[in-house]
Structures are given as C-alpha cells and as structure tokens.
Amino acid sequence: MTLSRRSLIVAAGTTALGAVANAQAAVPYPQKAVGSVRTLNGWTLPYKMKNGVKEFHLVAEEVDHEFAPGSRAKCWGYNGGTPGPTIEAVEGDRVRILVTNRLPEATSIHWHGILLPSGMDGVSGLNQPAIDPGQTFAYEFTLRQHGTHMYHPHADEMVQMAVGMMGLFIIHPAGGEPERIDRDFAFLMHNWALRPGTFRPDPSVMLDFDLWTFNSKVFPAIEPLVVRAGERVRVRVGNLSMWNHPIHLHGHQFEVTGSDGGRWPRRRWRREVTEIVGVGQTRDIEFVAVPGDWALHCHMSHHTMNAMGHEIPNVLGASIAESDADLQSLVPGMMNMGSDGMSAHQEHVEIMKLQGPDNTLPMMTGEGPHGALEMGGMFTVVKVRPGLDAGDFRDPGWYAAPANTVARMISEDPEFGAPPRRLKS
Amino acid sequence: MTLSRRSLIVAAGTTALGAVANAQAAVPYPQKAVGSVRTLNGWTLPYKMKNGVKEFHLVAEEVDHEFAPGSRAKCWGYNGGTPGPTIEAVEGDRVRILVTNRLPEATSIHWHGILLPSGMDGVSGLNQPAIDPGQTFAYEFTLRQHGTHMYHPHADEMVQMAVGMMGLFIIHPAGGEPERIDRDFAFLMHNWALRPGTFRPDPSVMLDFDLWTFNSKVFPAIEPLVVRAGERVRVRVGNLSMWNHPIHLHGHQFEVTGSDGGRWPRRRWRREVTEIVGVGQTRDIEFVAVPGDWALHCHMSHHTMNAMGHEIPNVLGASIAESDADLQSLVPGMMNMGSDGMSAHQEHVEIMKLQGPDNTLPMMTGEGPHGALEMGGMFTVVKVRPGLDAGDFRDPGWYAAPANTVARMISEDPEFGAPPRRLKS
Amino acid sequence: MTLSRRSLIVAAGTTALGAVANAQAAVPYPQKAVGSVRTLNGWTLPYKMKNGVKEFHLVAEEVDHEFAPGSRAKCWGYNGGTPGPTIEAVEGDRVRILVTNRLPEATSIHWHGILLPSGMDGVSGLNQPAIDPGQTFAYEFTLRQHGTHMYHPHADEMVQMAVGMMGLFIIHPAGGEPERIDRDFAFLMHNWALRPGTFRPDPSVMLDFDLWTFNSKVFPAIEPLVVRAGERVRVRVGNLSMWNHPIHLHGHQFEVTGSDGGRWPRRRWRREVTEIVGVGQTRDIEFVAVPGDWALHCHMSHHTMNAMGHEIPNVLGASIAESDADLQSLVPGMMNMGSDGMSAHQEHVEIMKLQGPDNTLPMMTGEGPHGALEMGGMFTVVKVRPGLDAGDFRDPGWYAAPANTVARMISEDPEFGAPPRRLKS
C-alpha cells in the first residue's frame, strides 16, 4: 500500500521513535497517542526525540499529485505530497520543526491557531526572514494547548496555498479526552483551478474552481471512513480553500465539539447535521456510529462535481435529436448531453474519456451497490459496520441493508393507488 | 386563491384525513398539529392514514413556475410546484412516502437531517437504485426526532436541485414546544440562472445567478409574514441554494433556537439580528412581534435585486447627456441609467418592460406606502399589527405608524442649523 | 494628522459637547465614555446636547477617497469619508440623527440592529419617503440596548453600499461592561470593484472584486492595532461587503462575545482563532494581549491581495526565458512574472508602478522588519508591547523579539542532518 511504504521509508530516514503512519492492519487503537489520527489518504509525520524535544522535518517541494485516477498535476506540497503529512503531538511537548525549502521561491510556515512566540509565527517579513530556496529553518516552541490546528505558508501565500501547501497540526490533550474517542479522522478542504487539459493548478483564480477536494483527493478516490457500529467517532475538518464549505453527514446528528480555537467545553457543543467550516477554520465533529453507508460531503451541489464548464449552453428541455444526428455524422458516438438532465454524463463516461480533454475527470462518477452515484469532488462515505475489530480501517465493501429497510419500487403494487391528481398549471 | 384550490383538489384525490393547506380565513391556530406551519406561498401535503402509517405521495415532475408576474420558467418540482409541498408530521409517527417520477430522467429523494435506516436515505446508487422515469418508489420510516428538515433529490443532484426540486419536512415534537409558538412560518432559499429572455434555468451555472428566491418567489411576489403584535413567531429558514445567505430581520432581536440538527436546548439559543443559513442548513428563529412593517431579507445587497448584468459598463458619475440624446434619436424614450445611481431603474420600469428582454423582471421593484422600495429577490415584509385574530394571515395593508414616529423632512425647520462644515478633501 | 484636523473642524462646526475623535496623544482611556472606541483610520462623530437629546448630523455625499497611497476613487460616504464617522452613544440615550443628502439621487439610512419605531427603520418606500437630494431628514429614537451596530442606506441600497456608504453605530452599556475593556477597536469590511486604471467603483459587480478593505483601506494603509501587553482588547468587526469573511488573529485565542444581536451572556462566549463575520453581521471579539507583532486578516488568501487579474495565463512552472528576452527587446525592463510563484511581483513593485495601469496598487506590498510581507487588502498587525501608556495608540515600530524566539536558518548547522529521504513519486 503506497501510503504505508512511503511512511516507512520516511520513518527509516529519520529514525522515528514516535508513531508511524496509519496502519492498515487491525491493531489496538491507542488513546492520546501520536499516530492515533487517521488522516484520510494521508499519514502522520514521524519525529526524532532529541534532548526532550520532538524534532520534525518538513520539506517544501514540488510534487506530482493525483487527484483521482485520470487527473494528475504538478502541485506544491510537503514531503512528497499534498497535503503535507499530519503533525501529531501532545500538549506540553517541546517541538522543533525543521523546514527545508526545495521550491523555486522563498517560503515560510505559519502554525495556524497555535500559541507561540511572535518570532515563531511564520509571517515572512513580519516575524522572520523568508526561507530562501535551498535553506532550512528551525521553528521551536512548547505546546500549551490542544486541538485541531493547521500549517501553511505565509509567504506568497495566495500562490503557495493555491497549489497545495497545507497540512494538519493536531495536539492531543495532556489529560486525556473528556469522552473516549474510538476513531479519529482528519482532512483538509481545498479547491483547485486545474483547467481541463492542463497539468498545473492556476493560482490566480479567485472564484471559478474545477476541483473541490478532501485532502487533495476527489471522489471516488477519497478514502471511506470505516467505523465499527456504536463507536464514538471524531472527524476533524480543516479548510484552506477559498470557500466556506457546509459539511453534511447523513444518518447522524453530530456534535460540534471544537475548532482551531481549541476544544470547547461540553456546554458549548452544538447538535447539527450540516456545519459550515469557514476558510481558515477547523471544526471537530463527533457522533456515535449507526450501521450503514452514509454520505459525508459538502452540500454545495457543484462542489460534489468534478471539472465542468459553468458557461456551457443550456440544453435542458431542448429537442436535440436532429442536432445529435448531425453530430454523429461527423463524430460517431458523439452526442449532446443534458436535454433530459445530466445523469447521461455518467453513463457515457467511457465515451467521454476517449473524447474529452486530456487529464480531465468526468463531471460525475462513482459506482455503488445500486448503480451510478453521479458524484465527484467533496464526497465520501462513512461505512459503519457491526463487529469490526478495533483499528480495522480496511474497506468492508458496501452495506448489506437488512430486509425491508431499503426504498423499494412499488409501481406495480396494487396496494398503492394512482398518484394524487393535481391542478394543471 | 390558487394555492387553496390546488390543495383542495390534491386533498380530494387522496382522501386526506390530516391537515389541509394554509387557510386564508381566520381560524384558531392549533399547537403541534400538522398544518400549523405556514409555508410562504406554499402548502402542506395531505396524507392518508393506513394501518397506523401516514402515507404521503410526492410526484416529481416538470412544472410551469412563476417567480413573480412577468417571469415564468419551466422548472422541476413536486406535485405541481417548486418548492414541493411541505411535509408535516409528528415525532413518533410512522411515515410512508410514495415518490412517483414523471421526469425525463431518474431521481431519488434524500430526507435531509432525518434519522432513518441506511436504505431509506435516498442517495441513488449508494442506498437504493434510482427511481426511473415512470416508476413509483416507497420510503418508510419512523420519526425519532423533531425539527426543521428538508427533502431533495440525491440523483443528478446538481441539475435537479438547480431547477427547483426541494421541499420542507417539518417534524413537530411529541411532547409539545417548550415555548408556545403562535405563528410558525417556513421557507426555502434558492438561486436560479434564468438568463434574461430565456425560460429554463441553467443548471450548469455555479456562481453567477440571476434570481434569488424564498420558496421560489422573488419580491414583491413573496407573501408577507402577517403576525399579531405580541405573538411569539417562529420562522424556519432552509437553504438549498449555492450561497450561505445571511438572513436579516429588522426591528427585532431574534433567538436562533434550532437547526437541521434539531431543536437546541434553551441554554444554546443565541440572540441575533442576522443569521447565516448555510447551504444544506436550516435555522429556526423566534421572536416576539413588535408592531410595524419590518423588512426580512438576505443582507447580500445583490441578492435583493432581480435579474441584472454584472459586467455592464459603469456609468456612475459619467456625463451622459450627449449619449442620451444620441440614443433617443435612435430609440425614442431610450436612456442611459445609472450615472446618478440606479434608482432611476425603478422609475422607468414601464419603459423597461417595453424595451427590456422578454420574461425578465426589472432589477428592482416594489411599491410601498411611501414610494418605491427599490428591492427584488430575497426580500419580504413582516407585518405586525395589534388586534389580529389568531390565525388570520390576510395581508393587512401597510402599517399606519403613530404620530411622530416616522423619520421626517426638516430641511426648512429653523430649529435645526446647517450641516457641519467639514474638511474639504 | 488628517483625521484629527478633520475631527476638530467638524467638532467646531457643531459645538460638540460630547467626545472628540480618537486622540493620538497618550490620554487616560475612559470606560463607557463616548469616544472610547478606536475606529481604525476613522473617527467618532461629535454631537450636540439639545433638551436631553443627543443630536448627530450625517451628510451623505460624494467623497474623494484614498484606499492606500497610489489608489484613489470617487466614492460615496458620509461627512467627507468612507466609512462615515462612528456614532457612539449610551444605552438609555435619546438620540436624534439629522441626515442631509448631498448625493445626486435619493437616499435613506437604516439603523442596522437597533430596536426602534417602525417609521424610524429607514427602508425608503416602506418606512419613510426617501430623502431627496438637498433634503435633510431627522430620525429620533431612544436606545434600549447596547452592542455593535451599523448604519447604511436602504434606498438604491446595492449601488449606495457598493460605493462606500456605511458606518458603525456603537452603543455602550448603561451599567458598565462585565469585564473591563482596556482598548476597544472597530472596523467595517467591504469590497470594491475598482478596475485597474479607473477611478469609480463599479456597483454592478456581484462577485469579482478588486479591493477588500477594513474601513475602506487596504494594507499597508490600515492602522495597526496598538495595545499594551496584558490589556484586555475588544475588536468590533462589521461586514457590509458581498462576502462572509473569516477573520483570523494570530497568536491568541479570542472569545466571541457578541454580535449585532447584542452582547452575549458569558456562557455563550466561544473560543476561536478564526471567526466568520457574515454580510450584515457584526462580531465582537476579546482577548488578553500577548507581546509581539500579530497578523489580523481575512483568511481568504485572495482577500489579502490588492488588484489583480483572475483570468491571466498561468505561467507557474513554465519556461519563460525566451519569452522574457522577446519582451525586453520591446520594452526594456519588462518581464514575465509568476513562473516560480508570484513573490517577484513585490520585488518589482517599482517597475510595476511605472509600467502598470494608472491608479492601481501592486498586487502585494508591505515591508516588515524582515523583508517583504507580500500582502495587501484585508490585513493589518496587532502590535502588542509592554509598558505603553494607557491610551497611547502611536505606532511603536516593529517588535524586537527576545533572543532565541525567532525562527532561524540552520542550513549550515551540523547539529541537524539532511532532510528525510522520501518515496520518489
């Protein structure tokens, strides 16, 4: 498995004494331990222990990133990927983070939400000189808080974040959690102007993005969140995009329990099914898992699509038979799509792959147990199953719903009458 | 009244045992009862009681919708309209909802925020097969919660929601409300890319919308919220648009008392005058009504406008007399507008109706007791009057403000001196 | 200092008995007193006391406004500026506000969030006739609340707000603050479509703005927030733009303590480092100041930029040497920028000033103690120093960080090894 191999190689290179990346095998799931966070499609950065200081090493560099099979781009990230590896530490830790710059321009890192000396805050020009290409800088501070935080550049910030430089910085409480957390997931939201047929995200775009990602992946390449029924689950969601995304979970009421301002006291928890995670914010949500396959996604419907034009002619409701015939006389198999809606897009994915622009995902994709999901972008599935081993994150396949708990076709069933008549409008 | 006629016909067709749609006449206003919610410009779906199950029937279909007189479009909705009728039920109810698909493509319904078996959750492909054109499906589940929820497709979701498929699903508490609610209003926010001169909303648009609606209507076609002074009012606001809208009420501090995550305990209520209702969220707001005519609107100023170009030349402050003369030699009555601001738009509405594109509302409109309101889109008025009968929702006309409580012209009044001198800049 | 001169002249013209504008000198900082709020780059409107009524006078007029040196525009504002002066009063006050209209079209003022008679609410057409050019109207009401509120037109609202008409209306509690506030800052957020080379913001733009401002200024023209270490600071942030902005403070966890719905009880305060301030909302944030130079900004990275094109060709990663040579043969000194990121923009600010469009700020700018800040727009610095006199708001220069508290270059330091090897991707 690629992530594990990468993690082990990194670990070997740094003689990690701490935790390793997310394991795929069933292992006991430690409370409070570094390594207990499951970064979707990601990994936790190992550290060296040096005279009581946990030393991490981030390398800012260009990376060849895959959003999903069929869509790659040159991005900028850390330690080989975007987002960078998750840093996990414990309240009270003294941490030192070395940052090596292998980019073609200067950078810096801001430790978003972390209380530290002004000179360690990472705004280049204001708090420190920028880290020039080839240089390594050391940041060092003591962690006096816990919660879900982030790291990202604060030098040419618009460009560097637009092309993928970001990571999670999670601090575990010294005194343990008020409620036992059985599974602890984390991801960062982002958006990318990767124009169809191109291989480099455009950092100058402010509004009209093509790809909307969880940890720089789009559905169906985003890992499912695998959970045992009845477990208490935390999902830590951070946002370094250009949009305040409303995150919606199906089948559960969750509690919002904290933010980049730290974990909130229990009286401040708020029950929701949809929570806006603003740009530059994190939100921790917690819930007790109910068996099933439950969608977890941004509720902006265009953000659960992949690349598409937003200024194409509107053929909804148009009569296109003649136009289709003309098209097919020129290009066999070519067709208009959208006169009856756009679900035909997914049915014709294979044709689109041949005819569409290079390096461009279909607008919607994903196959489930009952057919096409017609989704993309910021969408994944929380897969809750009874009887999983603790710490088993392997994809269990699709949910086998108990008898009589699935919406069913009753068109022919004489028990149900005709639809109600209505006023013709 | 169209809505009542439609409701009665639907009711006749389904032998409704439950509540009928919003009555226009003054009737006692029941607590907790199905039918107690006043859906702005809408109605509550009747049901049949069958062996202890409340059976509703939704028909997904194309509808001919009017946003306001002068702007119609072919949309998709339920049971003849967009939004679909409001489903009201009570915590503990067993409900069955039949869904007939009369659209040209497959659909499904997701019951947003409702706790139910995974197979009833409505994500086509994931939780169930899609409902093909011509088919009827049955969803069935027991309501284990209360609050303000929604229904919408989860199949070709971007298209189907963009053209109007959505509705409210309101569950009343089994044990009654913690505070008596005298009037209980509800609406859904949406946006539409109905290009000037066209008759079909464009589902591919992500950002640049023309119409911003409450229950698929724009001001001044949105019903006022008619209330007796001193009553406790709840307004349930849901959002299935592509924008996180800040909803602002004049003249009152309201409490935010719940969301699609359910009703919040009282200690969680928050006093506001402007509340962001995110996409995929609902918010319940409550207040005690103060006499007057009070604006209720989205605070994005472009969202209280109707169709307008956002890339027109900027003539503010320009000298246009010569250009106007040239224009009028070509087209009598034609004129530039906007060199002194845009309020001239409303003054020239009649000319614009003749000269503007077909099927396109003026940018701003609405006449009040004191002249032009210069509004459109997501704007309506809460009309609070003393002495209304309980349940009387008839428009009481404009507020007659008591003497000396209206801003007044004092230009000639010698009591007030000249404006303050200022530094010439 | 311009602001003081302007304030004094205004004060002289109105025989102010109340507070004067923000003083620059070190003076004792009064609790609860009108004049205690420090409006960034702004001032507090003096009043006359007349028979127990505090009488203010606002003049709506065109103003010649500077966003930062190098960028001016004809805007609309009040009393010579945008935003207008801050109105400060005390709960229980009877206030009368005279509004003189010197604009070329009608206007009105809505007192956002303030509880008042319907006829004083300011929606022209609905609550009152519009104030025609040349007229003066009087609004009068008693303040029955306290908190951070706003004023703005409700007549041709889209245009009038787009070009700068807005102000803060702050009401101090009659009974004192629950916690002593040592410094109390305030600003309003806004956005402007001031196209490069033009001098008039375009009010028809809905999404694609050029300038993002705090009190109509962009970095580095926004005043720093100067604070003594250990003081309790309140920042009142209002938003009358077209975007829900996430405001981020470095180095502190702040509490969100109130909104335009009033000050919240202490149990409702929420610890954050990033707070969305929605359009039409205000948020009060409070924190105890930690020594240092701390960035305070919107976290949308494009909103900390000045004017830039969002549809320029993407040359990131492109080989541009040949193209540069061609360019320079035509225009000496001309160069492509952006193939290695965009920080070169700031390095070449002087060239851009010569070659760029008139009246257009560089995309990023600002020099700090450690070099270029590469920022613009909604960005300023909270400068916290030990030992300042109470009420001393003079810029103390850059922070002198204690030894060993600044991120440092360690490239040559043998104590630290090579960066970790990684999986080549």
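Residues numbered from 1 in each chain as written. Chains lettered and ligands numbered in written order. Predicted model: local features only at pLDDT ≥ 70, side-chain atom pairs only at ≥ 80, totals over all residues.

**Focus on the overall build of chain A**
Stage number 1. Check the secondary structure of chain A and you find 5 helices and 25 strands.
Stage number 2. The 425 residues of chain A split such that 59% are buried.
Stage number 3. Pairs at least 24 residues apart make up 72% of the contacts formed inside chain A by residues separated by at least 6 positions. (Helix = DSSP H or I, 4+ residues; strand = E, 2+ residues; numbered from the N terminus. Buried ≥ 20, exposed ≤ 12 C-beta atoms within 10 Å, placed from the backbone. Contact = placed C-beta atoms within 7 Å.)

**Let's talk about the interface of chain B and chain A**
Stage number 1. Taken together, the contact between chain B and chain A spans 67 residues of the former and 60 residues of the latter.
Stage number 2. When residues of the side of chain B that touches chain A are assigned to their parent elements, the largest contribution, 6 residues, is made by helix α1 (residues 2–14) of chain B.
Stage number 3. Residues belonging to the side of chain B that touches chain A are distributed by class as follows: 29 nonpolar, 25 polar and 13 charged.
Stage number 4. When strand β25 (residues 408–409) of chain A meets strand β8 (residues 136–142) of chain B, the two strands line up antiparallel, connected through 2 bridges. Each residue of the ladder has a partner; that of M409 of chain A, found in β8 of chain B, is F137 of chain B. (Nonpolar A, V, L, I, M, F, W, Y, C, P; charged D, E, K, R; others polar. Pairing = 2+ DSSP bridges.)

**What about the relation of the copies chain B and chain A?**
Stage number 1. When chain B is fitted to chain A, the residual RMSD is 0.0 Å, and the transformation amounts to a turn of 120° plus an axial shift of 0.0 Å. Here the transformation between the copies is reduced to the relation of a three-fold axis. The C-alpha atom lying nearest the rotation axis in chain B is that of R268 of chain B; the distance is 4.3 Å.
Stage number 2. Of the residues that chain B buries at the interface, just 4% are likewise interface residues in chain A, meaning the two copies contact each other through different surfaces. (Least-squares fit on C-alpha atoms with pLDDT ≥ 70 in both.)

**Observations concerning the sheet that holds strand β9 (residues 147–152) of chain C**
Residues and elements named next belong to chain C.
Stage number 1. In spatial order, the strands read β5-β10-β9-β7; together these 4 strands make up an open sheet with mixed pairing. Strand pairing shows two members of the sheet lacking a second neighbour, β5 (87–90) and β7 (110–112), which therefore form its edges. Across the sheet, the mean angle from the axis of one strand to that of its neighbour is 25°, orientation sign disregarded.
Stage number 2. Examined bridge by bridge, β9 and strand β10 (residues 167–172) share 5 bridges and lie antiparallel to one another. Directly across from G147, in β10, lies its bridge partner I171. (Axes fitted to C-alpha atoms, helices over the stretch in contact; angles between N-to-C directions.)

**Section: the sheet that holds strand β9 (residues 147–152) of chain A**
All names here are of chain A.
Stage number 1. Within the open sheet, the 4 strands sit side by side as β5-β10-β9-β7. Their pairing is mixed. Two strands lie at the open edges of the sheet, namely β5 (87–90) and β7 (110–112), each paired on one side alone. Neighbouring strand axes in the sheet, compared pairwise and without regard to direction, differ in orientation by 25° on average.
Stage number 2. Relative to strand β10 (residues 167–172), β5 runs parallel, the two being bridged by 4 bridges. Directly across from I87, in β10, lies its bridge partner F169.

**What to know about the interface of chain A and chain C**
Stage number 1. On the chain C side, the residues contacting the 67 residues of chain A number 60 residues.
Stage number 2. Within the residue set of the side of chain A that touches chain C, elements represented by two or more residues are α1 (2–14), β3 (53–68), β6 (94–101), β8 (136–142) and α2 (157–162) of chain A.
Stage number 3. Of the residues belonging to the side of chain A that touches chain C, the class tally is 29 nonpolar, 25 polar and 13 charged.

**Quick look at the pairing of β6 of chain A**
On a regular strand, each side chain points to the face opposite its neighbour's, so the side chains alternate between the two faces of the sheet.
Residues and elements named next belong to chain A.
Stage number 1. In terms of residue burial, β6 counts as a mostly covered element, since 6 of its 8 residues are buried.
Stage number 2. In terms of strand pairing, β3 meets β6 through 8 bridges, oriented parallel. When the sheet's bridge partners are listed, A60 is paired in β6 with N101.
Stage number 3. Note: β6 against β8, 7 bridges, orientation antiparallel. Across the sheet, the residue bridging to L98 is A138, located in β8.

**Focus on the relation of the copies chain A and chain C**
Stage number 1. Least-squares fitting of chain A to chain C yields an RMSD of 0.0 Å, with the superposition described by an axial translation of 0.0 Å and a rotation of 120°.
Stage number 2. A share of only 4% of the interface residues of chain A reappears at the interface of chain C, consistent with the copies meeting through non-equivalent patches.

**Side note on the environment of F219 of chain C**
All names here are of chain C.
Stage number 1. Secondary-structure assignment places F219 in the loop between β12 (211–214) and β13 (225–228).
Stage number 2. Its 26 C-beta neighbours within 10 Å are what place F219 among the buried residues.
Stage number 3. Separated by 42 residues in the primary sequence, F219 and E177 have C-alpha atoms spaced 32 Å apart.
Stage number 4. Not counting the four nearest positions on each side in its chain, F219 is found in contact with G366, M375, G376, G377, F379 and T380.

**Description of the nonpolar core**
Stage number 1. Counting residues in each nonpolar core, the largest one holds 326 residues, and the members touching the most others are V99 of chain A, V99 of chain B together with V99 of chain C.
Stage number 2. Apart from residues lying up to four places away in sequence, V99 of chain C is in contact with L58, A60, I109, I131, T136, F137 and Y139 of chain C. (Core = buried A, V, L, I, M, F, W, Y, C linked by C-beta atoms within 7 Å.)

**Section: unusual backbone geometry**
Excluding glycine, residues mostly carry a negative phi; peptide bonds, for their part, are mostly trans.
Stage number 1. Geometrically, the link from T82 of chain B to P83 of chain B is a cis peptide bond, its omega value of -5° lying close to zero.
Stage number 2. Looking at the secondary structure, you find P83 of chain B in the loop between β4 (71–78) and β5 (87–90).
Stage number 3. Unlike most non-glycine residues, N51 of chain B shows phi in positive territory, near 50°.
Stage number 4. Relative to the helices and strands, N51 of chain B resides in the loop between β2 (48–50) and β3 (53–68).
Stage number 5. C-beta crowding within 10 Å serves as the criterion here: with 7 such atoms nearby, N51 of chain B is assigned to the exposed category.
Stage number 6. A positive phi angle is found at N359 of chain C, which is not glycine, with a value near 55°.
Stage number 7. On the secondary structure map, N359 of chain C appears in the loop between α5 (349–355) and β22 (365–368).
Stage number 8. Of the residues examined, N359 of chain C has 17 C-beta atoms within 10 Å and is grouped as partly exposed.

**Some thoughts on the domain arrangement of chain A**
Residues and elements named next belong to chain A.
Stage number 1. Along its sequence, chain A is carved into domain 1 (2–301) and domain 2 (310–359).
Stage number 2. Between domain 1 and domain 2, the residue contacts involve 6 residues of the former and 4 residues of the latter.
Stage number 3. Each residue belonging to the side of domain 1 that touches domain 2 can be placed in one class, and the counts come to 2 nonpolar, 2 polar and 2 charged. (Domains from an automatic or database assignment.)

**Quick notes on the environment of S204 of chain B**
Stage number 1. Within the secondary structure, S204 of chain B is located in the loop between β11 (183–192) and β12 (211–214).
Stage number 2. Here the alpha-carbon distance between S204 of chain B and A307 of chain B, two residues 103 residues apart in the chain, equals 17 Å.
Stage number 3. The residues contacting S204 of chain B, other than those within four sequence positions of it, are M308, G309, H310, I312 and N314 of chain A.

**Observations concerning the environment of G371 of chain C**
Stage number 1. Tracing the backbone shows G371 of chain C in strand β23 (residues 371–375).
Stage number 2. As for G371 of chain C and L388 of chain C, which are separated by 17 residues in sequence, their C-alpha atoms are 26 Å apart.
Stage number 3. Aside from chain neighbours lying at most four places away, what touches G371 of chain C is S124, G125, P129 and A130 of chain A.

**Topic: the confidence of the model for chain A**
Residue and element names in this part refer to chain A.
Stage number 1. When pLDDT is averaged along chain A, the result is 88, and 88% of the positions lie at 70 or above.
Stage number 2. Confidence drops under pLDDT 50 across residues 1–32; counting only partners more than four residues distant or on other chains, this segment forms 71 contacts.
Stage number 3. Model confidence for the complex is summarised by a pTM of 0.91, with the ipTM given as 0.90. (pLDDT = per-residue confidence, 0-100.)

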